[in-house]
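# Examination of the molecular architecture
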Amino acid sequence: MKEYKENMEKILEIMPEGWKEAARSQKAFIRGRNIKTPEELLRLNFLYQTYGGTYGLTSALTQISENQEGLNKTAVEKRIVNSASWLKWLCENLSRQEGFLVTPPEWLKNYKINLVDASDYSCNGSRGSDFRLHYMMDLFTMNTTELYFTPASEGETLTRYTKIKDKDIIVADRGYCSIREINYVVEHKGDYVIRMRSNSFNLYTKDGTKYDLTEELKMDDTPGRKIDLNLFIKNKKEYIPVRICAVAKSAKDIEKSRRQMKKSNHNRKPLSELQTVWSHFVVGATSLGNEFSTEQILEIYRMRWQIELVFKRFKTIFGGREFTARKEEAVKAWFYGKLLIAVICETLAKKGRFSPSED
């Protein structure tokens, strides 16, 4: 508990301006006998997220906290659940303060950028993943559009999301790049920018001739070279337009990609010729038309990386706790609490005041 209190002191120093007032405006803090200040409410949330894990255990831990003595299980649950909106506010404002979030540019003012991703989650004592958290989030505000828990055996797919609509741009990584996923977004009137794999699907020209994108990439991998192609994918007997935008990586980024790909190869075998060619480029598939420039399409995908370090932290170091929340607001409070801790860890690591055990 001594370490917990020391860490809390560091955390309070980096909180965004207006965070105490936000506790009141977001209806999280209502002055009471056991929780007298927003600081104490924040401590309670972190106690639940880090040491507690359940409302009952958190209640027991509050009995040894000088400021929260006697908080029962029901009171803990009420305080945590009521904190959901405030925790989301803290995530957004701390992320914006530290440069993890950016202000949407003028050319995207009529669009909503939704990041789609998933993260595995384990319960106490489990040797593998028990749950998979699937989420769709507004990239500029951290508003959660949709959030689902499934067994870890259920794969990542865009077809589970029901709220995709006109002027939504879905941004996702390679695991979501398939004809089925693309067709689903288009059918729901949305747009997409999705990182492409070498084997995502076949590409065709307007006359139905198969197009070899790998050969196009092999022609010139000079760093900064841009490719912009209007092609088609085939869904059964129907041809669906798809725009391919790519940019050649710098030497530093190529080496990073090659190390990552080599790790994923079985027995760390040398990269194949196909892997080598594709490791030199970032390739994206999109439904957005020529009113968006090649640079803007690539910029939309790069915006995903503004928050990527936070999500990486979220995915890798916050499992292993018993998950008990089931109701929607309780799940949101849990999610934003975990995400806030990830933002805080990334912030402290960036400032050199925290040395996480995992990259």
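Provided above is the structure to which this section pertains.
In short, a report on the structure. (Residues numbered from 1 in each chain as written. Predicted model: local features only at pLDDT ≥ 70, side-chain atom pairs only at ≥ 80, totals over all residues. Heavy atoms only, no water.)

### A word on the overall build of the protein
Along its length, the protein carries 13 helices and ten strands. Counting all 359 residues of the protein, 49% fall into the buried class. Contacts in the protein between residues far apart in sequence, at least 24 positions, make up 63% of those at least 6 positions apart. Counting every atom, the protein has about 18,100 Å² of accessible surface; 47% of that belongs to carbon and sulfur. (Helix = DSSP H or I, 4+ residues; strand = E, 2+ residues; numbered from the N terminus. Buried < 20%, exposed > 50% of the residue type's maximum accessible area, 1.4 Å probe, protein only. Contact = heavy atoms within 4.5 Å. Areas by Shrake-Rupley, 256 points an atom, 1.4 Å probe, with all protein chains shown as cover.)

### Considering the pairing of strand 1 (residues 112-121)
Of all ten residues in strand 1, eight are buried; the element is thus mostly enclosed. Bridge count between strand 1 and strand 4 (residues 168-172): four bridges; the pairing is parallel. Paired with Ile113 across the strands is Ile169, a residue of strand 4. Relative to strand 2 (residues 131-138), strand 1 runs antiparallel, the two being bridged by eight bridges. Across the sheet, residue Asp120 finds its bridge partner in strand 2, namely Arg132. (Pairing = 2+ DSSP bridges.)

### Thoughts on the packing of helix 6 (residues 84-97) against helix 13 (residues 328-350)
Running from N to C, helix 6 and helix 13 point in directions that differ by 25 degrees, and their axes come no closer than 8 Å. Relative to helix 13, the element helix 6 lies roughly parallel. Between helix 6 and helix 13 lies a crossing of left-handed hand. The segment helix 6 lies against helix 13, with Ala84, Leu87, Lys88, Leu90, Cys91, Leu94 and Ser95 engaging Glu329, Lys332, Ala333, Tyr336, Gly337, Leu339, Leu340, Val343, Ile344 and Thr347. (Axes fitted to C-alpha atoms, helices over the stretch in contact; angles between N-to-C directions. Parallel < 35°, antiparallel > 145°, perpendicular 65-115°, else oblique. Left-handed = near helix turned anticlockwise from the far one by under 90°.)

### Notes on a positive patch on the surface
On the surface, a cluster of positive charge is contributed by Lys252, Lys256, Arg259, Lys263 and Lys312. Of the residues forming the positive patch, the biggest block, four residues, is contributed by helix 9 (residues 251-264). By the element assignment, Lys263 lies in helix 9. (Patch = residues over 30% accessible without salt bridge, like charges linked within 9 Å, V, L, I, M, F, W, Y side chains within 5 Å. Salt bridge = Lys/Arg side-chain N within 4 Å of Asp/Glu carboxyl O. Lys, Arg positive; Asp, Glu negative; His and termini not counted. Charge placed at Lys NZ, Arg CZ, Asp CG, Glu CD.)

### Quick word on the pattern of salt bridges
The final tally for this structure, using the stated rule, is 16 salt bridges. A salt bridge links Lys350 to Glu98, with the nearest nitrogen and oxygen atoms 3.2 Å apart. Note that Lys350 is positioned in helix 13 and Glu98 in the loop between helix 6 and strand 1, a separation of 252 residues in sequence. Lys350 gets classed as partly exposed once you look at its relative accessible area, which sits at 47%.

### What about the environment of Arg195?
Inspection of the secondary structure puts Arg195 in strand 5 (residues 191-195). Residues Arg195 and Ala246, spaced 51 residues apart in sequence, show a C-alpha to C-alpha distance of 9.5 Å.

### Concerning the environment of Asp120
Tracing the backbone shows Asp120 in strand 1. For the pair Asp120 and Asp130, spaced ten residues apart in the sequence, the C-alpha separation amounts to 7.4 Å. Residue contacts for Asp120: discarding those within four places in its chain leaves Ser129, Phe131 and Arg132.

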